[in-house]
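# A look at the structure
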Amino acid sequence: MKIVLVSQRIDYIKDRTETRDNIDQNLINFLNQAGFKAVTVPNVNVDQKEFLKFLVKKLNPHGIVLSGGNNIGDYVKRDKLEHELINVSLNNKIPLIGICRGMQFINTYFGGTLKIIKNHVNKRHFVSNLNNYFEVNSYHDFTIDNQPKELQTFLTAEDGAIESFKHINNFIMGIMWHPERENSFKKFDLDLFKLFFNG
């Protein structure tokens, strides 16, 4: 069984005074269709480092996904967890993909910065490089401002916004679109995850 660890968004339910970890079931379905079983990681643990070490030892994951949702800084506990998940990826050579906020978090982890962008929320647009040109969804109001030298741009939008990057030395990449939010999962996205997580 090929396991992928997945981070979760945090939602505060005011009328119930509850803080909940949440994941879109479509992301679980997407990963399943790509050949992976998702194990969601809670944002709260007494000793997050030890818990992640336990998960890696017991599950031997093929990959890690930093999911979308929330802005960086909205919930410190999520920020801390995803920081540790990147550490786990680097220390154990486990491939990691960041989706939307996840890509933004990777950028800030390595010292980059973000800026607000217009016309990228609830839109569709094309992304491209020398070899690829295709349409993606878009649900983000932040984009890469300063990109660290360790991260190499892979795809850009028509307005020049960075839509995907890869780490030049480690198995880490980011995508700004949401493959799980397509009505029918796209072959390009499924193949991307299969190839990246299977090495």
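The preceding data block contains the structure.
Notes on the structure in this doc start here.

What counts, and where the lines are drawn
- Residues numbered from 1 in each chain as written.
- Predicted model: local features only at pLDDT ≥ 70, side-chain atom pairs only at ≥ 80, totals over all residues.
- Heavy atoms only, no water.
- Buried < 20%, exposed > 50% of the residue type's maximum accessible area, 1.4 Å probe, protein only.
- Helix = DSSP H or I, 4+ residues; strand = E, 2+ residues; numbered from the N terminus.
- Arc of directions from axis to C-beta.
- Contact = heavy atoms within 4.5 Å.
- Polar contact = N/O pair within 3.5 Å; in protein donor to acceptor, adjacent residues only side chain to side chain.
- Pairing = 2+ DSSP bridges.
- Axes fitted to C-alpha atoms, helices over the stretch in contact; angles between N-to-C directions.
- Salt bridge = Lys/Arg side-chain N within 4 Å of Asp/Glu carboxyl O.
- Parallel < 35°, antiparallel > 145°, perpendicular 65-115°, else oblique.
- Left-handed = near helix turned anticlockwise from the far one by under 90°.
- Nonpolar A, V, L, I, M, F, W, Y, C, P; charged D, E, K, R; others polar.

## Topic: helix α1 (residues 25-33)
Restricting attention to buried positions, one finds in α1 the residues L27, F30 and L31. Taken down its axis, α1 places every buried residue within 95° of arc, on the same side. Where α1 is buried, its residues touch β1 (3-6), β4 (37-40), β5 (63-66), β6 (96-99) and α5 (187-198). For α1, the side-chain oxygen to backbone nitrogen distance between the N-cap and N26 is 2.9 Å, and the N-cap itself is D24.

## Side note on the sheet that holds strand β11 (residues 151-157)
Spatial strand order, β4-β1-β5-β6-β13-β12-β11-β8-β9: nine strands in an open sheet with mixed pairing. If you trace the sheet from one side to the other, it starts and ends with β4 and β9 (133-139), each paired once. Mean inter-strand twist for the sheet, computed between neighbouring axes without regard to direction, equals 25°. Two strands pair when backbone bridges link them, and β1 and β4 are joined in this way by four bridges, in the parallel orientation. Residue pairing for β4: V4 is matched across the bridge by A38. Against the sheet, helix α4 (residues 101-109) makes contact with β5, β6, β11, β12 (162-167) and β13 (172-175), and its axis sits at roughly 115° relative to β6, the strand it touches most.

## A few points about the pattern of salt bridges
If you walk through the whole model with that rule in mind, you get nine salt bridges. A salt bridge links E82 to R78, with the nearest nitrogen and oxygen atoms 3.0 Å apart. Placement of both E82 and R78 in helix α3 (residues 76-92) is noted, with a separation of four residues, approximately one turn of the helix. The pair formed by E82 and R78 is uniform in burial state, with each residue classed as buried. Here R124 makes a salt bridge to E135, at a shortest N to O gap of 3.2 Å. With R124 in strand β8 (residues 121-128) and E135 in strand β9, the pair connects residues that are eleven residues apart, well separated along the chain. Judged by its relative accessible area of 40%, R124 falls in the partly exposed class. Residue E135 is classed as partly exposed on the basis of its relative accessible area, which comes to 31%. Taken together, the shared-partner salt bridges connect R78, D79, E82 and R101 into one network.

## Topic: the environment of K80
Mapped onto the secondary structure, K80 falls in helix α3. On the basis of relative accessibility, which here comes to 57%, the residue K80 falls in the exposed class.

## Structural notes on the packing of helix α2 (residues 48-59) against α3
One way to put it is that α2 packs onto α3 with a least axis distance of 10 Å and a crossing angle of 45°. Taken together, α2 and α3 sit at an angle that is classed as oblique. The hand of the α2/α3 crossing is right-handed. Counted together, Q48, K49, L52 and V56 of α2 and L81, E84, L85, V88 and N92 of α3 form the full contact between these two elements. Classifying every residue of the contact of α2 with α3 by side-chain character gives five nonpolar, two polar and two charged.

## Digging into the pairing of β9
Walk down a regular strand and you will see the side chains alternate between the two sheet faces. Judged from the seven bridges that link them, β8 and β9 form a sheet pairing that is antiparallel. Considered in β9, the bridge of K123 is made with S138. In sequence, β8 turns back onto β9 through a hairpin of four residues.

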